[in-house]
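# Coordinate analysis (summary)
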Amino acid sequence: MATFTGTVEVLDPIGMHARPAGQIVKLVKEAGVEVVFHYDSAETKANSALRLMAMKVKTGEVITVAVEHYDEAAANAIIAQIQDFLKG
């Protein structure tokens, strides 16, 4: 499996909170892949809504997302979906 990366920007006026965090975790679990968020020199696996909220990402901040997948198009689709969840 290869690792594909992209960036997403938190556009939700509340920042990273329970709703988008839960949507991201559900997406990752359904996809059956490992997704890691890189933010503020820390790594957080996207398999726990609490971990994602604990990152305390605010509106306007950028997160690098790494997706382990066999297919680049599918990995990019996951990153795009994560961005959609963070629009608010």
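Scroll up to find the structure.
How each quantity is defined
Residues numbered from 1 in each chain as written. Predicted model: local features only at pLDDT ≥ 70, side-chain atom pairs only at ≥ 80, totals over all residues. Heavy atoms only, no water. Helix = DSSP H or I, 4+ residues; strand = E, 2+ residues; numbered from the N terminus. Expected span 1.5 Å × (residues − 1). Buried < 20%, exposed > 50% of the residue type's maximum accessible area, 1.4 Å probe, protein only. Arc of directions from axis to C-beta. Contact = heavy atoms within 4.5 Å. Pairing = 2+ DSSP bridges. Axes fitted to C-alpha atoms, helices over the stretch in contact; angles between N-to-C directions.

Now for helix α1 (residues 18–31). With 14 residues, α1 extends 20 Å between its outermost C-alpha atoms, agreeing within 8% with the 20 Å of an ideal straight helix rising 1.5 Å per residue. Listed as buried for α1 are Pro20, Ala21, Ile24, Val25, Leu27 and Val28. All buried residues of α1 fall inside an arc of 160° around its axis, so they share one side. Facing away from the buried side of α1, by more than 90 degrees, are the exposed residues Lys26, Lys29 and Glu30. If you follow the buried residues of α1, they end up packed against β2 (34–39), α2 (49–54) and α3 (72–85).

What follows covers the sheet that holds strand β3 (residues 42–45). Strand order in the open sheet formed by four strands is β1-β4-β2-β3, with antiparallel pairing between adjacent strands. Only two strands of the sheet have a single partner each, and these edge strands are β1 (2–9) and β3. Each neighbouring strand pair of the sheet contributes to a mean axis angle of 25°, computed without reference to strand direction. In this structure, β2 lies alongside strand β4 (residues 62–69), joined through five bridges in antiparallel fashion.

Now for the pairing of β2. Alignment of β2 against β3, held across four bridges, turns out to be antiparallel. Residue pairing in the sheet places Phe37 in a bridge with Thr44 of β3. Hairpin connection between β2 and β3: a loop of two residues separates the two successive antiparallel strands, and Asp40 in this loop has a positive phi of roughly 55°.

Looking now at the environment of Ala21. With respect to the secondary-structure elements, Ala21 resides in helix α1. Judged by relative accessible area, which is 0%, Ala21 ranks as buried. For the pair Ala21 and Ala2, spaced 19 residues apart in the sequence, the C-alpha separation amounts to 24 Å. Discounting chain neighbours no more than four positions away, the residues touching Ala21 are Met16, Ala49, Leu52 and Met53.

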